[in-house]
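# Descriptive analysis of the structure
Next come the chains, spelled out residue by residue.
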Amino acid sequence: MASPEADIEPPNQASTAQNLDRRRFSRDLRNLGQDEIDNLLSSSDGRLFRVVHHLPELKEKGITLIPGVPITCRVDNTEKYTTRSKVSVGTLYTVILTHGEFHWTLKKKYKNFQELHRDLYNHWMMIRWLPLGRFAKERQQLRAMFEQMPSLHGTERARRTSSKMKYLEEYLNDLLEKSFCRNDRSMLEFLSVGALSFVPDLGPKGLEGPIFKRSGGHRIQGLNCIGHHQFCFRWSRRWLVVKDSFLMYMNRDNGSINFVLLFDPEFSVKVGRAYTDTKYGVCINNFTRNLIIKCSSYRQAHWWSHEINRLASTCDFLKVQRFEGFAPPRDNTCTKWYVNGSGYFADLADALEQAKEEIFITDWWLSPEVFLKRPATDDFWRLDQVLKRKAEQGVKVCVLLYKEVELALGINSEHSKRTLMDMHPNIKVMRHPDHVSSVVFLWAHHEKMVAIDQTVAFVGGIDLAFGRWDDNQYRLTDLGSTDTAEKLTDKDPPQVDTDENNVAVPESSDGQTHEFVDLTGNTKLWLGKDYSNFIKKDWVQLDRPFEDNIDRTKVPRMPWRDLSAALHGRAARDVARHFIQRWNFTKIFKNKYKDNFYPCLLPKSHCTAETLAWTVPGSRKAKVQVLRSADRWSAGTCENSILNAYIQTIKNSQHYIYIENQFFISCTDGKTVYNGIGDAIVERILQAYREKKKYRVYVVIPLLPGFEGDITTGGGNAIQAILHFTYRTISRGEQSILSRLSDLEDRWTEYFTVCGLRTKSELSQSLVTELIYVHSKTLIADDRCYIIGSANINDRSMLGSRDSELAVFVEDEERIPSIMDGEEYEAGPVTLALRKECFSVLVGAASDPTINIDDPISDNFFFLVWNSSAKLNAAIYDKVFNCLPSNSVHNMQELKDYTSKVRLSDTDPEKAVEELKAVRGLLVHFPLKFLCEENLLPPLGTREGMAPVGLWT
């Protein structure tokens, strides 16, 4: 890595192998002009939040109070304390300060006033009498001052008529009226003022001051020194800042932030040698660290303890919230749901354009070259270009990527990181975990989240990656209407950022030249690797993004169905706080991220969260709670609130639940599967059966798992493994849902239905069909609440100790007239609209207005619309295409015979077209008897067979 003295490293010209661990930019650009610095500091309402990313520059220029805003003090009280001097009792003064909208309190001894006066007087004399050029501006200010420096002892009249407390107040106010005095370093330290004191988005002024902090105390394996004896520790002088939901300490020499400690339910403050092994020590705990600071006296230690507890007392994060989550429900929150990636990507692109301060992104997979608005005729809305544009405007872009096990996954996060990091020093990318050092090989960061200025956030199941963009047409083909969509050239000079169409990609730091794409006249929606069918062929060569992965003239793409949500205000701050927790945790955990190029991030205060400069169009108000799955390896904390929310929502539902999920692996047996979602479904159905009440459970999952494999020969081992556990959940084995509903006999069909999605098209004059890949992670209940997130229904996502996940639980606070089981019903407007959007496309009501979807549990809809359509569609697809998976295939021999049969679509295309006209919507029943006579677990001798069972569950 380059030395910190180098501002920017030039692009590396050596081989790729030698430069994988190098980054183009060694540190941030330090080129803020005086006007920009003045702009950061000049607002009369306080400093802009962007100052948190420019603390070293501000340190060089000198910290000041808010220009033009008066500061007043009031010496309000005195108290006696015991000293160790010959004078056994001293006086402690309580100083209350006001500076604009900021108020804070200090405890000072008379000695502190004396020290301030001495330092100010010495500085005053130096400026006045020493002819140094660096004092010229201050000397000019002094010439304009007619009066001398105020006397510490006050005027003679004040001494005669007032107490000592009053003339100290008069003295301090006189000093604060003089510009020379009020911005002096000694005065600022006396007032406990630092660079982050007056940032409204960080909340109240809080508590600040110099402290000594002890090294160590991290509750992360490998970060503490060997042993716990006091000689193993070192003490460092730092500036401690306490805000309303976190505390942090800074390096006083360069102004950089060293560590951020977020308040959480484990937060506590303890004083004394018993807790700190240090005289006058204070121990500050949270879930990830025991931070020990050393004070100068017993009194000061208790003052710090009292003020930290006072500031933290109103923090929402100090107690465990509903569903045992970290964040409480947030009333009156603007939110919006998205079905499919088209609307989601478009709104996200517009939101990114609104960013002024920060952009946070975390994904399981991120493709820098993905287009957010389509069709693309230039690269303006390409993700990497959007982020580069914002970085050039001064926005800090922080990206957290899952660092995959390269032998198992081909998502190439190294390419994603290198591509983004080479664009601008304001773009920071971390990958986590390091599998060997963290001993995490099986689990992944599976979250998909974007937060903008900690004010607007997007959460759900959609990665910013290839293959995710779709709309409700679920197209199988994309040949375009022009052959000019992709013109590749490798002759452009590497220093040119864009070609004449503004779409060129600069040379990367590994010496390779990226592809240049001419999009003039493009009508294609999926360019290059974005056109995908990953069951036919998984993604490869992602560093060549604009080369097709499959032959689009022969192979249909696999449509992608997914859901996400936008949220604002306090809920968006909760999402950002989770990202900040993960980012700071990763920075501490990995040595390569400990330098100042990767900043420590600070959460904004919730007290300013309702000030929204911009909202996503179409947002509506509801109650929103942010949920997550997290563990010590992933975020330094433990939580499985998503699982708790699923189970409680199912148990509390009165009429129906609707589930769309990429996986459906549940039903606890205490050996292989542990999440209880399937059990909750069984219990709720049995309750409805005993009470003789109508209750429906809709489940929509992919017809095949999303792994590469040839299903005509049984699929790959990974496909079969997931199918095994899916069937074990639904219908096979004593733990399955249908087995546990045996008391209902055949009447389970009145309560439970499970479907997949399929569609059809024509490609190169041939009829084609393909399943629609359900990647959603959604539950809707009773037209009143829903969950959207990244968590699959399996142990990996739900237990919390495995994959990391993020979700939102949305409850309608308003009610509108609706219908449920033929009777009037008060539904939630946001949830009702989401349920109708899902149902209308799946059953074909979007194209046939005669199909009524108003009543989700009526016999007419459940049997004659939903199940009838699914049954009919499955029969037609089987007849025309011999589709797999199919209920007609029970074993491998039947699979071989079935796939050798000629297809009607090939032998009689005209008749096939007529048959397909009867297809209604997208639903097909999930084939519960497919390969029911086979053991679908991977053979023990295979790589999949030797993998732990938890990999699949």
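Bear in mind the structure is a predicted one, so any value in this text is a computation, not a measurement. Per chain, the residues get numbers from 1 upward, laid out in the order the sequence is written. Reporting of local features is limited, given that this is a predicted model, to residues whose pLDDT is at least 70; pairs of side-chain atoms are given and counted only at 80 or more, and all residues count toward the totals for whole chains, interfaces and linings. Side-chain measures here rest on the full set of heavy atoms in the structure, leaving out hydrogens and waters.

Assigned secondary structure in the protein chain consists of 27 helices and 33 strands. Here the term buried applies to any residue with accessible area under 20% of the maximum for its type, exposed to any over 50%, and partly exposed to those in between, with areas from a 1.4 Å probe on protein chains only. Classification of the 953 residues of the protein chain by burial places 59% in the buried group. Whether two residues are in contact is decided by their heavy atoms, any of which lying within 4.5 Å being enough. Put simply, of all contacts in the protein chain between residues at least 6 apart along the chain, 72% involve residues at least 24 apart. Of the roughly 38600 Å² that the protein chain leaves accessible, carbon and sulfur atoms contribute 49%. Comment: elements are numbered from the N terminus, with helices defined as DSSP H or I runs of at least four residues and strands as E runs of at least two. Only the protein chains shown count as cover for residues, and the accessible areas themselves come from Shrake-Rupley with a 1.4 Å probe.

This part takes up the sheet that holds strand E4 (residues 207–214). Pairing in this open sheet of 7 strands is antiparallel, and the strands run E7-E6-E5-E4-E10-E9-E8 from one edge to the other. In this open sheet, the two strands that pair with only one neighbour each are strand E7 (257–262) and strand E8 (268–271). Put simply, the sheet's adjacent strands are angled 35° from each other on average, direction ignored. In this analysis, strands are considered paired if DSSP registers two or more bridges between them. Alignment of strand E9 (residues 281–285) against strand E10 (residues 290–294), held across 5 bridges, turns out to be antiparallel. Each residue of the ladder has a partner; that of Cys-283, found in E10, is Ile-292. Its contacts with the sheet put helix H11 (residues 298–312) on E4, strand E5 (235–242), strand E6 (246–250), E8 and E9, and the angle it makes with E4 is roughly 120°. Axis definition: a line fitted to C-alpha atoms, limited for helices to the stretch in contact. Angles are taken between N-to-C directions and run from 0 to 180 degrees.

Two side chains carrying opposite charge are able to pair once their charged atoms lie near each other. Every case where a carboxyl oxygen of Asp or Glu lies within 4 Å of a side-chain nitrogen of Lys or Arg is listed as a salt bridge. For the structure shown, the criterion picks out 46 salt bridges. With a shortest N-O distance of 3.7 Å, Asp-201 and Lys-604 are connected by a salt bridge. Here Asp-201, found in the loop between helix H9 (185–190) and E4, pairs with Lys-604, found in the loop between helix H16 (569–589) and strand E21 (620–630); they are 403 residues apart in sequence, far enough to count as distant. Take Asp-201 and Lys-604: they sit in the same class, and that class is buried. By sharing partners, the salt bridges in this structure join Lys-694, Arg-696, Asp-821 and Asp-859 into a single network.

To continue, consider the packing of aromatic side chains. Pairs were defined over the aromatic rings of Phe, Tyr and Trp, the Trp ring being its six-membered one, requiring ring centres within 6.5 Å. Orientation was assigned from the angle between planes: stacked under 30 degrees, edge-to-face over 60, tilted for the rest. Applying the stated criterion to the full structure yields 42 aromatic pairs. Note on Tyr-698 and Phe-862: the rings are 5.5 Å apart at their centroids and 75° apart in plane angle, and the pair reads as edge-to-face. Highlighted residues: Tyr-698 in strand E24 (residues 696–700) and Phe-862 in helix H23 (residues 859–881), separated in sequence by 164 residues. Taking the centre distance of 4.8 Å and the plane angle of 70° together, the rings of Tyr-698 and Trp-866 count as edge-to-face. Of this pair, Tyr-698 sits in strand E24 while Trp-866 sits in helix H23, and the two are 168 residues apart along the sequence. Under the relative-accessibility criterion, Tyr-698 is labelled buried at 0%. Residue Trp-866 is classed as buried on the basis of its relative accessible area of 0%. Three or more aromatic residues joined by ring pairs make a cluster, and in this case those are Tyr-656, Tyr-658, Tyr-698, Phe-839, Phe-861, Phe-862, Phe-863 and Trp-866. Arg-684 extends its terminal NZ or CZ atom over the ring of Tyr-695, reaching a point 4.2 Å from the ring centre. Charge over a ring is defined by NZ of Lys or CZ of Arg lying within 6 Å of the ring centre and within 35 degrees of the ring normal.

In this section: helix H18 (residues 677–690). In an α-helix, one full turn covers 3.6 residues, which means residues spaced three or four apart are oriented alike. Between the first and last C-alpha of H18 there are 20 Å, a value that for 14 residues agrees with the 20 Å anticipated at 1.5 Å per step. When you tally the buried positions in H18, you get 10 out of 14 residues, the bulk of the element. On its buried face, H18 is in contact with helix H17 (641–652), strand E23 (656–661), E24, helix H20 (737–740), strand E25 (752–763) and helix H21 (795–798). One fewer than the residue count of a helix, multiplied by 1.5 Å, yields its expected span.

Along the chain, Pro-70 turns up in the loop between helix H3 (55–61) and strand E1 (71–82). Its relative accessible area of 58% is what places Pro-70 among the exposed residues. Sequence-wise, Pro-70 and Leu-176 are 106 residues apart; in three dimensions their C-alpha atoms are separated by 8.0 Å. What Pro-70 contacts, discounting residues up to four positions off in sequence, is Thr-98, His-99, Gly-100 and Arg-182.

It is worth spelling out unusual backbone geometry at this point. In this structure, the amide linkage connecting Arg-374 to the following residue, Pro-375, adopts the cis form with an omega of -5°. Tracing the chain through its elements places Pro-375 in the loop between strand E12 (358–363) and helix H13 (383–392). With a phi close to 85°, Asn-340 is a non-glycine residue in the positive phi region. Residue classification places Asn-340 among the buried positions, given a relative accessible area of 2%.

Our focus in this paragraph is the environment of His-218. Here His-218 is to be found in the loop between E4 and E5. Residues His-218 and Phe-589, 371 residues apart in the sequence, show an inter-C-alpha distance of 9.9 Å.

What follows is about the nonpolar core. It is characteristic of soluble globular proteins that their nonpolar side chains tend to be buried jointly. Grouped together as the largest cluster of nonpolar side chains are 213 residues, with contacts concentrated most on Leu-247, Ile-284, Phe-458, Tyr-658, Phe-752 and Trp-866. The residues touching Ile-284, leaving out its near neighbours within four places in the chain, are Leu-247, Leu-261, Phe-267, Ser-268, Val-269, Arg-289, Asn-290, Leu-291, Ile-293 and Ile-308. Here, the term nonpolar core denotes a set of buried Ala, Val, Leu, Ile, Met, Phe, Trp, Tyr and Cys residues that are joined through side-chain atoms within 4.5 Å. Counting residues in hydrophobic clusters, the runner-up holds 55 residues, among them Phe-49, Val-52, Leu-58 and Met-250.

For the rest of this paragraph, the subject is the pairing of E10. In summary, the side chains of a regular strand alternate between the two faces of the sheet. Direction of pairing for E4 relative to E10: antiparallel, over a ladder of 2 bridges. The residue bridging Lys-213 from the neighbouring strand is Ile-293, located in E10. Two successive antiparallel strands, E9 and E10, enclose a turn made up of 4 residues.

What follows concerns the confidence of the model for the protein chain. In predicted models, pLDDT denotes the confidence assigned by the predictor to each residue on a 0 to 100 scale. Averaged over every residue, the pLDDT of the protein chain is 87; residues scoring 70 or more account for 86%. Contacts from residues 225–229, a stretch scored under 50 in pLDDT, to residues over four places away or in other chains number 5 contacts. Of the regions scoring below 50 in pLDDT, residues 482–514 engages in 73 contacts with residues more than four places distant in sequence or in other chains.

Quick look at the packing of helix H22 (residues 829–843) against H23 now. Where H22 meets H23, the axes come as close as 9 Å, and the angle between the chain directions of the two elements is 55°. With respect to H23, the axis of H22 lies oblique. Contact residues: H22 offers Phe-839, Leu-842 and Val-843, while H23 offers Phe-861, Val-865, Trp-866 and Ser-869. Gly falls in the polar group here, along with every residue not listed as nonpolar (Ala, Val, Leu, Ile, Met, Phe, Trp, Tyr, Cys, Pro) or charged (Asp, Glu, Lys, Arg). Across the contact of H22 with H23, the residue classes tally to 6 nonpolar, 1 polar and no charged. Our angle categories are set so that under 35 degrees counts as roughly parallel, over 145 as roughly antiparallel, 65 to 115 as roughly perpendicular, and the remainder as oblique.

Structurally, Asp-264 can be placed in the loop between E7 and E8. We treat Lys and Arg as the positive residues and Asp and Glu as the negative residues; His and chain ends play no part in the count. For Asp-264, which is buried and forms no salt bridge, the nearest opposite charge comes from Arg-628, at a distance of 7.2 Å. Any pair of N or O atoms that falls within 3.5 Å is considered a polar contact. Within protein, one atom must be able to donate a hydrogen and the other to accept it, and sequence-neighbouring residues count only if both atoms are side-chain atoms. Within the local environment of Asp-264, its side chain forms a polar contact with the backbone nitrogen of Glu-266, the two atoms lying 2.9 Å apart. A polar contact of 2.9 Å, which involves the side chain of Asp-264, links it to the backbone nitrogen of Phe-287. Contacts of Asp-264, omitting those with residues within four sequence positions, involve Asn-286, Phe-287, Phe-317 and Leu-318.

To continue, consider the environment of Thr-749. Mapped onto the secondary structure, Thr-749 falls in the loop between H20 and E25. Of the polar contacts made by the side chain of Thr-749, one reaches the backbone oxygen of Asp-746; its length is 3.2 Å.

All right, on to the side chain of Asp-562 then. Here Asp-562 is to be found in the loop between strand E19 (560–561) and strand E20 (563–568). At 5.7 Å, Lys-777 is the nearest oppositely charged side chain to Asp-562, a buried residue that forms no salt bridge. Of the polar contacts made by the side chain of Asp-562, one reaches the side chain of Trp-560; its length is 3.0 Å. Here the side chain of Asp-562 touches His-775 through a polar contact of 2.6 Å, side chain to side chain.

Among the 5 residues that make up E24, 5 are buried, leaving the element largely enclosed by the rest of the structure. The alternating pattern of E24 places Arg-696, Tyr-698 and Val-700 and Val-697 and Val-699 on opposite faces, both of which are buried. Sheet topology note: the E23/E24 ladder contains 5 bridges and is parallel. Within E24, the residue paired with Ile-659 across the bridge is Val-699. With strands facing away from the observer, any crossover in which the path from the first strand over the helix to the second runs clockwise is taken as right-handed. Where the polypeptide runs from E23 across H18 and back to E24, its parallel neighbour, the crossover connection is right-handed.

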